[in-house]
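Breakdown of the fold
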Amino acid sequence: MRKLFSLIVIAVAFLCSCSSKIHQSVGTISIISWGGISAEKSDTLYSLAKECGFDMHLGLYRAKESAVASMDAAARNGIDVIISFPQIKDSTESAVALIKDHPALYAYHLKDEPDTSDFDWLADLSDKIGELDPLHPCYINLLPNWAWGVEEYADKIEMFASEFDMPFYSFDNYPVVEEDGVVSVRPDWYRNLEEFSAMSRRHGKSFWGFALAKAHSISDPWSDAVYPEPTLGQLRLQVFSNLLYGAQAIQYFNFTGIVDPVTCEKLPAYDLVKQVNSEVRAYSPVFAGCSVLGVWHVGDSIPYGTKPLEIMPHKKVKSLQISGNGGVVALIENGSQTYLAIQNRSCTETATLDISFSSPVHHVSIRKEESMKELHAVVQPGDVVVIRL
């Protein structure tokens, strides 16, 4: 019944797409900042977010007045908002009536990282909001596989998808951790990407991924982890791995790691995030709205739960080698074009890529395209090389 109702809601939203933010975002990769924008400083902070390359913000507020004030500032700065304030759950009808026609509204945030025991009440709330406002979706962000159980994860996200027929699914997994000064990548992160992207494709939906912009540590029932100050290589690794697996939005946790929420001063991560966001924008014609035909891994060893590249990914590719920590290889279709994207899988070391083709192809960089039959390139940590076949 929930599935049927949701399909009706989505159909109505499509017919009214002239005012639906879902359809306005087609053709771009959405870039979202999480938290850290107070109503009092919202105009200044949204201006800085816009300058940094964000087009959306997820705002968490304790009062409806603060939420609306923040949304007003977002609209003035050309930023859409996924909004959360207590009345969305406690006084749903009046909360939806208050904001459903607001020009900055993108979605209603219901819960971050729910457990399976939350699914029933969240589905009821999602259905109720869908009845009241068929033009704006609900947003729920799911746990990573290491928190939900690596072996049980695929079943749990499938359970979620069977309950919630949303336009997109979201999950977080911050893979770069530091122990005794040594930076490494969680061994099961790529399995998380494999399973979540597969689930989304099965249900005909896009998915949204995350990059971590704020250093912090956690110690909880699931894991102890220290997340380091982000480097350019770490941000690129997270962002481009998500895109190679088909993500249609990149979320940064959180904005307080990018701009000081009190002084409004740019923090060291600001320029790094701005650079990566500009690269995402430049590659949007490749990744936005794409179909991922396959993802493989190359190197002396490949991450747990992934597929090795055993044959060339396309008939035009004669040979492909990448040194160092190995790489991620994705074959992508977008409209009439087919692309090959190769990523350096290390966030700390450069890699050397050697690739040759049977006929001329185009190397697509963030600045220009070049025709070639072979390429020798030094790929920076976490960076990507894109070939139009």
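Coordinates for the structure precede this section.
Below is a summary of the structure that appears in this document. (Residues numbered from 1 in each chain as written. Predicted model: local features only at pLDDT ≥ 70, side-chain atom pairs only at ≥ 80, totals over all residues. Heavy atoms only, no water.)

Focus: the nonpolar core
Buried together is how nonpolar side chains tend to be arranged in soluble globular proteins. Counting residues in each nonpolar core, the largest one holds 106 residues, and the members touching the most others are Ile83, Tyr252 and Ile258. Here this core takes six residues from helix α11 (residues 232-244), the largest share from any one element. With 22 residues, the next largest nonpolar core counts Ile322, Phe357, Val361 and Leu389 among its residues. (Core = buried A, V, L, I, M, F, W, Y, C linked by side-chain atoms within 4.5 Å. Buried < 20%, exposed > 50% of the residue type's maximum accessible area, 1.4 Å probe, protein only. Helix = DSSP H or I, 4+ residues; strand = E, 2+ residues; numbered from the N terminus.)

A short note on the pairing of strand β9 (residues 206-212)
In terms of burial, β9 is largely enclosed, as six of its seven residues are buried. Of the strand pairs in this sheet, strand β6 (residues 168-171) and β9 are connected by three bridges, and their pairing is parallel. Note that in β9 the partner of Phe168 across the bridge is Ser206. Two elements, β9 and strand β12 (residues 249-253), share five bridges in a ladder whose sense is parallel. In the sheet register, Trp208 faces β12, and the bridge partner there is Ala249. (Pairing = 2+ DSSP bridges.)

Focus: the layout of surface pockets
By rolling a water-sized probe across the atoms, one finds the places where empty space is left. Here the second largest pocket defines a volume of roughly 290 Å³. Along the walls of the second largest pocket sit 16 residues, with Tyr283, His363, Ser365, Asp383 and Val384 positioned nearest its centre. For the lining of the second largest pocket, the secondary-structure elements that each account for two or more residues are β18 (369-379) and β19 (384-388). Of all the elements, β18 adds the most residues to the lining of the second largest pocket, at four residues. Its residues placed into classes, the lining of the second largest pocket shows seven nonpolar, three polar and six charged. (1 Å grid on protein atoms, 1.4 Å probe; cavity = no way out; pocket = protein on both sides within 12 Å on 5 of 7 lines; lining within 4 Å. Points joined across faces, edges and corners; volume = space filled by probe spheres on them. Nonpolar A, V, L, I, M, F, W, Y, C, P; charged D, E, K, R; others polar.)

Quick notes on helix α9 (residues 153-163)
Among all positions of α9, only Tyr153, Ile157, Phe160 and Ala161 are buried. Projected down its long axis, α9 carries its buried residues within an arc of 95°, all on one side. (Arc of directions from axis to C-beta.)

Comments concerning empty space enclosed by the protein
Applying the stated rule across the entire model yields one cavity of 30 Å³ or more. Here the largest cavity is characterised by a volume of approximately 50 Å³. Along the walls of the largest cavity sit Val176, Leu212, Lys214, Pro228, Pro230, Gln234 and Gln238, which together make up its complete lining. Of the residues in the lining of the largest cavity, the class split is four nonpolar, two polar and one charged.

Focus: unusual backbone geometry
Cis peptide bonds are those with omega within 30 degrees of zero, and the linkage from Phe253 to Asn254 qualifies with -20°. Take Asn254: it is sitting in the loop between β12 and α12 (269-282). You will see that Cys264, though not glycine, has its phi angle at about 65°, which is positive. Inspection of the secondary structure puts Cys264 in the loop between β12 and α12.

Overview of the sheet that holds β9
The eight strands are arranged β1-β2-β3-β4-β5-β6-β9-β12 in a closed barrel whose pairing can be described as parallel. Strand-to-strand, the axes of this sheet are offset by a mean angle of 30°, without reference to chain direction. In this sheet, β12 lies alongside strand β1 (residues 30-34) in parallel orientation, the contact comprising four bridges. From the neighbouring strand, Ser33 faces β12, where its bridge partner is Tyr252. Sitting on the sheet, helix α10 (residues 189-202) is in contact with β5 (138-142), β6 and β9, with an inclination near 165° to β6. (Axes fitted to C-alpha atoms, helices over the stretch in contact; angles between N-to-C directions. Contact = heavy atoms within 4.5 Å.)

Remarks on the packing of aromatic side chains
Tallied over the entire structure, the rule returns 25 aromatic pairs. Pairwise contacts between aromatic rings join Trp34, Tyr106, Tyr139, Phe168, Tyr174, Trp208, Phe210, Tyr227 and Phe253 into one cluster. Cation over ring: Arg186 sits above Trp146, and NZ or CZ is 4.2 Å from the ring centre. (Phe/Tyr/Trp six-rings, centres within 6.5 Å; stacked < 30°, edge-to-face > 60°. Lys NZ or Arg CZ within 6 Å of the ring centre and 35° of its normal.)

Focus on the side chain of Ser42
Its place among the elements puts Ser42 in helix α3 (residues 42-52). For Ser42, a relative accessible area of 3% translates into the label buried. For Ser42, the residues in contact, after removing those within four places along its chain, are Ile37, Ala69, Ser70 and Ala73.

What to know about the pairing of strand β16 (residues 337-344)
Here β16 lies mainly inside the structure; seven of its eight residues are buried. Relative to β16, strand β15 (residues 327-334) runs antiparallel, the two sharing eight bridges. In the sheet register, Ala330 faces β16, and the bridge partner there is Ala341. Hairpin geometry of β15 and β16 is characterised by an intervening segment of two residues between the two adjacent antiparallel strands and by a positive phi of about 65° at Gly335. Sheet analysis places β16 next to β19, joined by five bridges and oriented antiparallel. By the bridge assignment for β19, Tyr339 is matched with Arg388.

Here we look at the packing of α10 against α11
Two numbers describe how α10 lies on α11: the axes approach to 11 Å, and their chain directions differ by 30°. In terms of orientation, α10 lies roughly parallel with respect to α11. Regarding α10 and α11, the two cross each other, and that crossing is right-handed. Of α11, the residues touching α10 (which contributes Trp189, Tyr190 and Leu193) are Leu237, Gln238, Ser241 and Asn242. Looking at the contact of α10 with α11, its residues break down into four nonpolar, three polar and no charged. (Parallel < 35°, antiparallel > 145°, perpendicular 65-115°, else oblique. Left-handed = near helix turned anticlockwise from the far one by under 90°.)

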